[in-house]
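Results of the structural survey
For reference, the chains in residue letters:
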Amino acid sequence: MTLTGPLLPRPTTIAVLLHGGAGGSGVVATELGLRFAQAGHAVHFISARVPFRLVDRSDANVWVHQVETMAYPLFDAPLTTLAQASKLAEVIETYGVDVVHAHYAVPHATAAVLAREMVEGPRPAVVTTLHGTDVTLIGIDRAYLRATRHAVNASDAVTAVSRHLRDHTLNELGVQREVEVIPNAVDVERFRPGPDPDLRRRFARDDEMLLLHVSNFRPVKRTCDVVRTFAALRAERPVRLAMVGDGPERHKAAELARSLGVDDATTFVGAFPRIEALMRTADLFLLPSAQEAFGLVALEAMASGVPVVASDAGGLPEVVLDGATGRIVPVGDVDGFTRAAGELLDDDELRARMGRAARRRAVVDFAEDDVVRAYARTYVVASERAAQGR
Ligand code: GMT
């Protein structure tokens, strides 16, 4: 989708600091940067690796700068933040960056603030977007608390992807500044309903239902709850499970599926690049996370017309509307998940209605255009603040 109109009042050079791996923050950072590039602005992505959504692409107005770190026996770990700051300072001086958009408080906002101090000439505005674990897990750990608070306070503008994350940041981080909520968006052309019987038959027979879970299998995703819920559901009805993604708990979840006797009905798919094709083949999406600032995959499932049964963690209830676009269940309540998912699987009419409502909500309430324009306004405000501080 290409936005028409100027988007920003003048041609702007934007540097985006992001995690390039297959995670929600990387997706949001990349898609947002691409929208600004399509609107004619120069966008420089700075990351340890080529962001996965940019692999095999060569968009106009887009540059990718890889951060290299140097291993040295004296250091316990690579000095990543310093390497990011150095690379960013080089990009600022070479290309004349107006706005740095740091996705994640630590280490990216810290690197941005540091780079701003390093450069000769006009300093760019620093906009920081909080995505979740940067504040909820890492940021409030004593080891990083002061650095996180400093990065947030020193940014010219700060946004959070949900109201829950904003409140958490203000309360737990002890920050007293404006934090604007700009929710994540979804590309509703890419993620849309539609049958794909051939792909679906790789995971379930035509007379079986298909449950889907997508994550990075970190402990916070509670993937074993997905398997337990599935085992209970499968005892009563013909249903199969596709587990997409990879990470530290994949092995544990596979072991559990074996011990519960549902391994034959479960496919551990691993990474699946055409995730949008797979999403729309599912009957139901499960996301039982212990923490989730927003839950972009839930929104992608909704855009695909798939109802979501999710936990009440973090910002998930702001995305999935309980009883309308899916169900919300307390974290760890496997019986509750089983009941909620069972009701939806057993009622075709209800599932179809919620699937339609989910799609509608994705299109109306999480439209990319609105979100991109909200960020554009934030860039303008941040630039004005940065100019006053100069
Ligand atoms: O938790 C993940 O799966 C990855 C993490 C990331 O950094 O990409 O996701 C965070 O940012 C996403 C994009 O804003 C949010 O949708 C996720 O909810 C958030 N994850 C957590 O809060 C645990």
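Bear in mind that the values here come from a model prediction, so they are computed numbers and not experimental data.

**Focus on the pairing of strand E12 (residues 308-311)**
Along E12, one buried face is formed by Val308 and Ala310 and the opposite face, lined by Val309 and Ser311, is buried too. Pairing of E12 with strand E13 (residues 326-329), which is carried by four bridges, proceeds in the parallel orientation. What sits directly across from Ala310, in E13, is Ile328.

**A closer look at the pattern of salt bridges**
As enumerated under the stated definition, the model contains 33 salt bridges in all. In this structure, Asp59 engages Arg57 in a salt bridge whose closest nitrogen and oxygen atoms are separated by 2.7 Å. By relative accessible area, which is 22% here, Asp59 ends up partly exposed. Between Arg327 and Asp322 there is a salt bridge whose closest N-O contact spans 2.9 Å. Three or more residues are tied together by salt bridges with common partners; here these are Glu31, Arg35, Arg53, Asp187, Arg190, Glu276, Glu300 and Glu368.

**Let's talk about unusual backbone geometry**
A cis geometry characterises the amide bond from Val106 onward to Pro107, with omega recorded as 0°. Tracing the backbone shows Pro107 in helix H3 (residues 105-118). The phi dihedral of Asp56 falls on the positive side, at around 65°, and the residue is not glycine. Following the sequence through the fold, Asp56 ends up in the loop between strand E2 (42-47) and strand E3 (62-66). The exposure class of Asp56 is exposed, given its relative accessible area of 80%. The backbone of Tyr104 shows a phi angle near 110°, a positive value even though the residue is not glycine.

**Overview of the sheet that holds E13**
Here we have six strands laid out as an open sheet, ordered E10-E9-E8-E11-E12-E13, and parallel in their pairing. A strand with exactly one partner marks an edge of an open sheet, and here the two such strands are strand E10 (266-270) and E13. Geometrically, the sheet is characterised by an average inter-axis angle of 20° between neighbouring strands, direction not taken into account. Relative to strand E9 (residues 239-244), strand E8 (residues 209-214) runs parallel, the two sharing six bridges. Its bridge partner lying in E9, Leu210 is registered against Arg240. The strands touched by helix H11 (residues 296-303) within the sheet are E8, strand E11 (284-287) and E12, with E11 carrying the most contacts at an inclination of about 170°.

**As for the site of the ligand**
Every one of the 18 residues lining the ligand counts as a neighbour, but Ser25, Tyr104, His131, Arg218 and Glu292 are closest to it. Contact distances for the ligand include 2.7 Å between an oxygen atom and a backbone N or O atom of Ser25. His131 places a polar side-chain atom, nitrogen or oxygen, 2.7 Å from an oxygen atom of the ligand. In the complex, 93% of the free accessible area of the ligand, which totals 480 Å², lies under the protein chains. Taken together, the residues that form the shell around the ligand break down as five nonpolar, ten polar and three charged. Mapping the shell around the ligand onto the domain boundaries places at least three of its residues in each of domain 1 (13-185 + 367-387) and domain 2 (197-365).

**What to know about the domain arrangement of the protein chain**
Taken domain by domain, the protein chain consists of domain 1 (13-185 + 367-387) and domain 2 (197-365). A straight line from the C-alpha centre of domain 1 to that of domain 2 covers 30 Å. Contact residues are listed per partner, giving 19 residues for domain 1 and 14 residues for domain 2. Contact between domain 1 and domain 2 buries roughly 1,200 Å² in total, counting both sides, with carbon and sulfur atoms accounting for 56%. The three residues of domain 1 that bury the most area against domain 2 are His164, Asn184 and Ala367, which together make up 34% of that side's buried surface. Taking the shortest distance from any N to any O, the salt bridge between Arg163 and Glu318 comes out at 3.9 Å. When contributions to the side of domain 1 that touches domain 2 are tallied by element, the ones reaching two or more residues are helix H1 (24-38), helix H4 (133-139) and helix H6 (163-172). When its residues are assigned to classes, the side of domain 1 that touches domain 2 shows eight nonpolar, eight polar and three charged.

**A few points about the packing of helix H8 (residues 223-234) against helix H9 (residues 250-259)**
Angle between the axes and distance between the axes are the two parameters that describe a pair of packed helices. Here H8 crosses H9 at 20°, and the two axes come no closer than 9 Å. Between H8 and H9, the crossing angle belongs to the class labelled roughly parallel. The way H8 lies across H9 gives a crossing that is right-handed. Between H8 and H9, the contacting residues are Thr223, Cys224, Val227 and Arg228 on the first element and Lys252, Ala253, Leu256 and Ala257 on the second. Partitioning the contact of H8 with H9 into residue classes produces five nonpolar, one polar and two charged.

**A short note on empty space enclosed by the protein**
Counted according to the given criterion, the structure contains one cavity of 30 Å³ or more. Taken as a whole, the largest cavity encloses approximately 180 Å³ of empty space. Around the largest cavity sit 17 residues that line it, and Val28, Glu31, Ala185, Val186 and Glu368 are the ones nearest its centre. Here the residues of the lining of the largest cavity are counted per class, giving eleven nonpolar, one polar and five charged.

**Regarding the nonpolar core**
The biggest cluster of nonpolar side chains holds 51 residues, and the ones touching the most others in it are Leu212, Val214, Met279, Phe285, Leu299 and Val308. Here the element with the most residues in this core is H11; it accounts for seven residues. Residue-level mapping places this core at the junction of two domains, with at least three residues from each of domain 1 (13-185 + 367-387) and domain 2 (197-365). Not counting chain neighbours up to four residues away, the residues in contact with Leu299 comprise Asn184, Ala185, Val186, Phe294, Val319, Ala362 and Phe366.

Reading guide: rules and limits
- Residues numbered from 1 in each chain as written.
- Predicted model: local features only at pLDDT ≥ 70, side-chain atom pairs only at ≥ 80, totals over all residues.
- Heavy atoms only, no water.
- Buried < 20%, exposed > 50% of the residue type's maximum accessible area, 1.4 Å probe, protein only.
- Helix = DSSP H or I, 4+ residues; strand = E, 2+ residues; numbered from the N terminus.
- Pairing = 2+ DSSP bridges.
- Salt bridge = Lys/Arg side-chain N within 4 Å of Asp/Glu carboxyl O.
- Axes fitted to C-alpha atoms, helices over the stretch in contact; angles between N-to-C directions.
- Contact = heavy atoms within 4.5 Å.
- Near = heavy atom within 4 Å.
- Polar contact = N/O pair within 3.5 Å; in protein donor to acceptor, adjacent residues only side chain to side chain.
- Areas by Shrake-Rupley, 256 points an atom, 1.4 Å probe, with all protein chains shown as cover.
- Nonpolar A, V, L, I, M, F, W, Y, C, P; charged D, E, K, R; others polar.
- Domains from an automatic or database assignment.
- Buried area = accessible area lost by both parts, 1.4 Å probe.
- Parallel < 35°, antiparallel > 145°, perpendicular 65-115°, else oblique.
- Left-handed = near helix turned anticlockwise from the far one by under 90°.
- 1 Å grid on protein atoms, 1.4 Å probe; cavity = no way out; pocket = protein on both sides within 12 Å on 5 of 7 lines; lining within 4 Å.
- Points joined across faces, edges and corners; volume = space filled by probe spheres on them.
- Core = buried A, V, L, I, M, F, W, Y, C linked by side-chain atoms within 4.5 Å.

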